[in-house]
Amino acid sequence: MSSAGLGSRPVTGAGAVTVTMTETVTGRLPAGLPAGGPAAGVRPGAGAGLRPAATELAQHSLRPTAALPRLPAAEGNALPQDITCLAADRMLIFASYDNILHAFARNKEVVHTYEGHKARIHLLQPFGDHVISVDVDNVLIVWNIQSEEQYLQVDFDKATFAVSAVLHPSTYLNKILLGSEQGSLQLWNIKSNKLLYSFPGWQSAVTTLEQAPAVDVVAVGLVSGHIIVHNIKFDETLMKFQQDWGPITAISFRTDGHPVMAAGSPIGHIGLWDLEEKKVLCQMQDAHSTAIAGMSFVPGEPLLITNGADNAIRVWIFDGPGGTGRVLRSRMGHSAPPTKIRYHGQNGEQILSAGQDGTLQSFSTVHEKFNKSLGRGSINKKKSKKKGLKLDTMALPPITVFASEIAHQSDWDGIVACHQGYITCTTWNYQKTSMGAHKLRPEEFGKHKPIDIYATAVDITSCGNFAVVGLSTGRVDVYNMQSGIHRGCYGKERAHEGAIRGVAVDGLNQLVITAGSEGLIKFWKFKTKDLVYCTELSSSPSGILLHRDSGILGIAFDDFSISVLDMETRKIVRTFPGHHGRINDMTFSPDGRWLITSSMDCTIKTWDLPSGCLIDCFLVDSAAVSLTMSPTGDFLASTHVDDLGIYLWSNRSLYSLVSLRPLPADYEPSMVTLPSTCPVQDVDMSGDEETCDEMIEYVSPEQLGEQLVTLSSLPESRWKNLLSLDVIKKKNKPREPPKVPKSAPFFIPTVPGLIPRYVAPEEENVTQSKVVNLGVLAQKSDFYIRLEEALSTNEYTAPLNLLKTLGPSHIEIELRGLAPEGGGSTEVMLSFLRMIGMMLNKKYNFELAQAYLALFLKLHLKVLSSEPNLLEEVSRLSTQLEETWIHLQTLFNQSLCVLTYMKSALL
């Protein structure tokens, strides 16, 4: 290797990188050699792994059904705790939490579990048919993957060799290379359990080990920021680099023909090193906003995959001049827990989410490719871009409350947001996916920012033209969203004596509702700013929510209770006991029937407004911070304390039977795990559904009450057209006689052989008898026999049930056969009339009695008039029918009178 240009080479600029080359004996590192190490993969560091940042897909009426992963391409079983270490081979994915190691197959199913460590696992290394794990107590265990047994256990002394990195060098059979916090390296033979060689190190702790494309060459990352490219076969250092950004967090080599090495840093920068020229190639500053947790070049491709603790994974492509990379695609979520979520639009496909990291993002419930990041709020976007993420003093505090509207969002900004402890409200543009052009604040605070005055509530009109902002001083202002101009305020000086706890505008821009901490709800004319009505509440409100379509206002109080106010009558129409902790958020169902609330007592409750009862309640592990119901009513989205995810709960009442009976006062809610795709949870859910179905199963009795007339449950086609059967048959009469089908079958059978021949038809030798069986003609039907039996027993339930199972044509045949000329008798006809009388007495199957009697009279009117006993029974039935109809007519008239009075009184 030439020694030209050796020595230190400073690079100017922020976060300068220095490189030091050392002379070698074995020659320079060959470029473009095939990678001999394990398959490339992104390796998150301990505690800095990638978390799912948006949705995961319910219990009771809201049940968790499945996970809708936002960041991972497929989501597997959720582990009980945070994953601290991750590794993969060609078949399995290994993930550990605490001291337990799991192996996943097909990215979803847990197929192996390895238990034996007594401390938290922090290093993993797949090793052929084995996997190596190291815990923080410095215990190394080699596991047999299939049998889940320990193959080998090695205990290291923390004082002399604390394992901090592990690597299987390419082509080194049964050998692993270990790095330590003391800086030394050790090469072990796992099969013989022997230490083969010790490397003295470079007086600095080893943070990462990476196999180079060349055999025997390994890159060693140190806490000091040095990167050592070392030949472990000859124990010689080939190259030495240094980054001034702190410890090396990850290393990866490019294998598509370019001798480039990438190194990550704790502050989110990536340094690219040219191994041919032995110098820094370029710097990728602010690749992530936090430490680079893992990186890996795709084998044979100019693609670099990186992830960090900012909950983002990015793919960089190196296709431009200068060797620097650009973002090809990325998937990211909030780097801090979300504070407020709301559905955007009416299709229920986008959820706007504001997080403690100061960003506003949009997550799609359909596919992650529709996700958007609207960026981070800034006082001056130009200055923020110049200063960068690390030194940005212009960044706004996190968003606490926001409101959005899709009307005119393509023309101007459609989102307005309040920031924590900040008086200025910002506008955001969903179409441009960026912060808007306007800053909304009172004119007197245009030049200076007060310390103790800040925006507390905000709402946007349904037309998207105006924003209403409430301040902590009790002032409520109106701004134009298109121009950002102040359009007035409510009240002479301020709308309320206390801080504004909530503002809302109705759907027609007629009224503005404001809630103050002093316990007052005020109604204002939107246009004239005049006070219309004021009502005093029982306690100080903590927040309000308006359902514009129904004009219902939900009010949450500081005493943890909930009330519902009707805007039409301006009175409290429902009061609920609420929760045992501060109410965090509320949301209405699209039809306004349900009010769903979440509280710091870790419960989510569903209140049925028409009945005024609690119909659903369940516990979650961590309290829900924010709730929002889909405009289509199919999902409820929730965010939770110290959780980066947005969880979706499906509305089971849309696709299955759910009991909506009121819960008892002493109801103890059950604990529900957050949504995942765990099969065990699916089994439990199915059990809950079975008990739920049993609880709501209801069998209607044959007769609801003695004074009520009950209809049958048969369809109209069974009885409505009985009198019109002759007309129907005439219309359905065929125009042409049916044609005789050909005798040849569709597939003609053939005889086996080379020459195809058909099978000759068999001759019928059975001769048909010409003697007529008179017994067939004299046979009675089942209905006829049961009517005969009913004459002696006086029980007509059996013949009635049989008649209800027959079709219209069959019913007509049976009734025709009751007359003497059809083979019946007058006694059976009398039995049929008594069956109709029984139906009228018991007042059930009322429409069937009318239809059967009408067809009977039509068919046998002449016979009835000539038989005195039948005529007497018919006259008795006529009196019964008249009394029943008079009773029904009286009930109908009473109901019509009450309905007419109610309409006239209300309207």
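Residues numbered from 1 in each chain as written. Predicted model: local features only at pLDDT ≥ 70, side-chain atom pairs only at ≥ 80, totals over all residues. Heavy atoms only, no water.

### Points about the overall build of the protein chain
In step 1: Looking only at helices and strands, one finds 10 helices and 57 strands in the protein chain.
In step 2: As displayed, the protein chain has an accessible area near 45,200 Å², and 54% of this comes from carbon and sulfur atoms. (Helix = DSSP H or I, 4+ residues; strand = E, 2+ residues; numbered from the N terminus. Areas by Shrake-Rupley, 256 points an atom, 1.4 Å probe, with all protein chains shown as cover.)

### A few points about the packing of helix 6 (residues 797–804) against helix 8 (residues 826–842)
In step 1: The geometry of helix 6 relative to helix 8 is characterised by a closest axis approach of 10 Å and an angle of 90° between their N-to-C directions. Between helix 6 and helix 8, the crossing angle belongs to the class labelled roughly perpendicular. Of the residues in helix 8, those in contact with Thr797, Pro799, Leu800 and Leu803 of helix 6 are Phe832, Met835, Met838 and Met839.
In step 2: Of the residues contributing to the contact of helix 6 with helix 8, the split by class is 7 nonpolar, 1 polar and no charged. (Axes fitted to C-alpha atoms, helices over the stretch in contact; angles between N-to-C directions. Parallel < 35°, antiparallel > 145°, perpendicular 65-115°, else oblique. Contact = heavy atoms within 4.5 Å. Nonpolar A, V, L, I, M, F, W, Y, C, P; charged D, E, K, R; others polar.)

### Quick notes on the packing of aromatic side chains
In step 1: Across all of its chains, the model carries 13 aromatic pairs by this definition.
In step 2: Aromatic side chains Phe297 and Phe318 sit 5.7 Å apart centroid to centroid with 40° between the ring planes, which places their arrangement in the tilted category. Of this pair, Phe297 sits in strand 25 (residues 292–297) while Phe318 is found in the loop between strand 27 (312–317) and strand 28 (326–332), placing the two residues 21 residues apart along the sequence. Across this residue pair, the class does not change: Phe297 and Phe318 are buried.
In step 3: Through a chain of ring-to-ring contacts, the aromatic side chains of Phe156, Phe161 and Trp188 assemble into a single cluster.
In step 4: The positively charged end of Lys529 is found above the aromatic ring belonging to Tyr490, 5.8 Å away from the centroid. (Phe/Tyr/Trp six-rings, centres within 6.5 Å; stacked < 30°, edge-to-face > 60°. Buried < 20%, exposed > 50% of the residue type's maximum accessible area, 1.4 Å probe, protein only. Lys NZ or Arg CZ within 6 Å of the ring centre and 35° of its normal.)

### Section: the state of the cysteines
In step 1: On inspection of all chains with the given rule, the structure shows 0 disulfides.
In step 2: The structure places no disulfide on Cys418, whose sulfur is separated from the nearest cysteine sulfur, that of Cys425, by 3.6 Å. (Disulfide = S-S within 2.5 Å.)

### A closer look at the packing of helix 5 (residues 782–793) against helix 8
In step 1: Two elements in contact, helix 5 and helix 8, have axes whose closest approach is 9 Å; the angle formed by their N-to-C orientations is 80°. On the basis of the axis angle, helix 5 is roughly perpendicular to helix 8. Within the contact between the two elements, helix 5 uses Phe783, Tyr784, Leu787, Glu788, Ala790 and Leu791 and helix 8 uses Glu827, Val828, Ser831, Phe832, Arg834 and Met835.
In step 2: Partitioned by chemical class, the residues of the contact of helix 5 with helix 8 number 8 nonpolar, 1 polar and 3 charged.

### Structural notes on unusual backbone geometry
In step 1: If you check the backbone angles, Asp98 has positive phi at about 55° while not being a glycine.
In step 2: For Asp98, the position within the fold is in the loop between strand 6 (92–97) and strand 7 (100–105).
In step 3: In this structure Asp98 comes out as partly exposed when scored by relative accessible area, which is 35%.
In step 4: Not every positive phi belongs to a glycine, and Asn174 is a case in point at roughly 60°.
In step 5: In this fold, Asn174 is placed in the loop between strand 13 (163–167) and strand 14 (175–180).

### A closer look at the sheet that holds strand 5 (residues 85–88)
In step 1: Taken in spatial order, the 4 strands of this open sheet run 5-6-7-8, and their pairing is antiparallel. Edge strands, defined here as strands with exactly one partner in the open sheet, are strand 5 and strand 8 (109–115). Each strand of the sheet is rotated relative to its neighbour by a mean of 20°, with strand direction disregarded. (Pairing = 2+ DSSP bridges.)

### Some remarks on the sheet that holds strand 37 (residues 455–460)
In step 1: Strand order in the open sheet formed by 4 strands is 37-38-39-40, and the pairing between neighbours is antiparallel. In the strand order of this sheet, the two ends are held by strand 37 and strand 40 (486–489), each with one partner. Mean inter-strand twist for the sheet, computed between neighbouring axes without regard to direction, equals 20°.
In step 2: By the bridge criterion, 5 bridges tie strand 37 to strand 38 (residues 466–471) in an arrangement that is antiparallel. Considered in strand 38, the bridge of Ala457 is made with Gly470.

### Here we look at the pattern of salt bridges
In step 1: With the rule as written, the count across this model stands at 18 salt bridges.
In step 2: Ionic pairing is found between Arg326 and Asp319, a salt bridge with its closest N-O pair at 2.8 Å.
In step 3: A relative accessible area of 43% means that Arg326 is categorised as partly exposed.
In step 4: Judged by its relative accessible area of 46%, Asp319 falls in the partly exposed class.
In step 5: In this structure, Glu444 engages Arg475 in a salt bridge whose closest nitrogen and oxygen atoms are separated by 2.3 Å. Of the two residues, Glu444 is situated in the loop between strand 36 (434–440) and strand 37 and Arg475 in the loop between strand 38 and strand 39 (476–480); the sequence distance between them amounts to 31 residues.
In step 6: Taken together, the shared-partner salt bridges in this structure form one network comprising Lys340, Arg342 and Asp585. (Salt bridge = Lys/Arg side-chain N within 4 Å of Asp/Glu carboxyl O.)

### So, the nonpolar core
In step 1: Core analysis: the largest hydrophobic core is formed by 41 residues, its most contacted members being Leu818, Phe832, Met835, Ile836 and Tyr852.
In step 2: Of all the secondary-structure elements, those providing two or more residues to this core are helix 5, helix 6, helix 7 (808–816), helix 8, helix 9 (846–866) and helix 10 (868–906).
In step 3: Ignoring any residue separated from it by four or fewer positions in sequence, one finds Ile836 in contact with Ala849, Tyr852, Leu853 and Leu877. (Core = buried A, V, L, I, M, F, W, Y, C linked by side-chain atoms within 4.5 Å.)

### A look at helix 6
In step 1: If you check which residues of helix 6 are buried, you get Pro799, Leu800, Leu802, Leu803 and Lys804.
In step 2: Against the buried residues of helix 6 lie helix 5, helix 7, helix 8 and helix 9.

### Section: a nonpolar patch on the surface
In step 1: Residues Val898, Tyr901 and Met902 make up a contiguous nonpolar surface patch of about 340 Å² in total accessible area.
In step 2: Within the secondary structure, Met902 is located in helix 10.
In step 3: Classification of Met902 as partly exposed rests on a relative accessible area of 44%. (Patch = residues over 30% accessible without salt bridge, like charges linked within 9 Å, V, L, I, M, F, W, Y side chains within 5 Å.)

### Focus on the pairing of strand 15 (residues 185–189)
In step 1: For strand 15, a buried count of 5 out of 5 residues is recorded, marking the element as mostly surrounded by other parts of the structure.
In step 2: Neither face of strand 15 is exposed, since Leu185, Leu187 and Asn189 on one face and Gln186 and Trp188 on the opposite face are all buried.
In step 3: Note that strand 14 and strand 15 share 5 bridges and pair antiparallel. Considered in strand 15, the bridge of Ile176 is made with Trp188.
In step 4: In this structure, the hairpin formed by strand 14 and strand 15 is closed by a connection of 4 residues, where Gly183 is found at a positive phi of approximately 100°.

### What to know about helix 7
In step 1: Every buried residue belonging to helix 7 is among Ile811, Glu812, Glu814 and Leu815, and all of these are buried. Looking down the long axis of helix 7, one finds its buried residues gathered within 165° of arc, a one-sided arrangement.
In step 2: Those residues of helix 7 that are buried lie in contact with helix 3 (725–731), helix 5, helix 6, helix 8 and helix 9. (Arc of directions from axis to C-beta.)

### Regarding the confidence of the model for the protein chain
In step 1: In this model, the protein chain carries an average pLDDT of 82, and 83% of its residues clear a pLDDT of 70 or more.
In step 2: Here strand 1 (residues 7–9) stands out as the element of the protein chain with the lowest mean pLDDT, 29, in contrast to strand 41 (residues 500–505), whose mean of 96 is the highest.
In step 3: Low pLDDT (under 50) marks residues 1–60, which in the prediction has 185 contacts with non-local residues, meaning those over four places away or in another chain.
In step 4: Predicted confidence for residues 63–75 stays below pLDDT 50, and this span has 68 contacts to residues more than four positions away or in other chains. (pLDDT = per-residue confidence, 0-100.)

### Focus on the side chain of Ser184
In step 1: By the secondary structure assignment, Ser184 is in the loop between strand 14 and strand 15.
In step 2: Judged by relative accessible area, Ser184 falls into the buried class, the value being 16%.
In step 3: Ignoring any residue separated from it by four or fewer positions in sequence, one finds Ser184 in contact with Phe161, Leu178, Gly179, Phe199, Pro200 and Gly201.

### Details of the environment of Glu568
In step 1: Take Glu568: it is sitting in the loop between strand 47 (562–566) and strand 48 (571–576).
In step 2: Glu568 sits 17 residues away from Gly551 along the chain, and the two C-alpha atoms are 7.1 Å apart.

### Comments concerning the environment of Ile317
In step 1: Note on placement: Ile317 falls in strand 27.
In step 2: Sequence-wise, Ile317 and Leu303 are 14 residues apart; in three dimensions their C-alpha atoms are separated by 4.7 Å.
In step 3: Not counting residues within four places of it along the chain, the set of residues in contact with Ile317 comprises Pro302, Leu303, Thr324, Gly325, Arg326 and Leu328.

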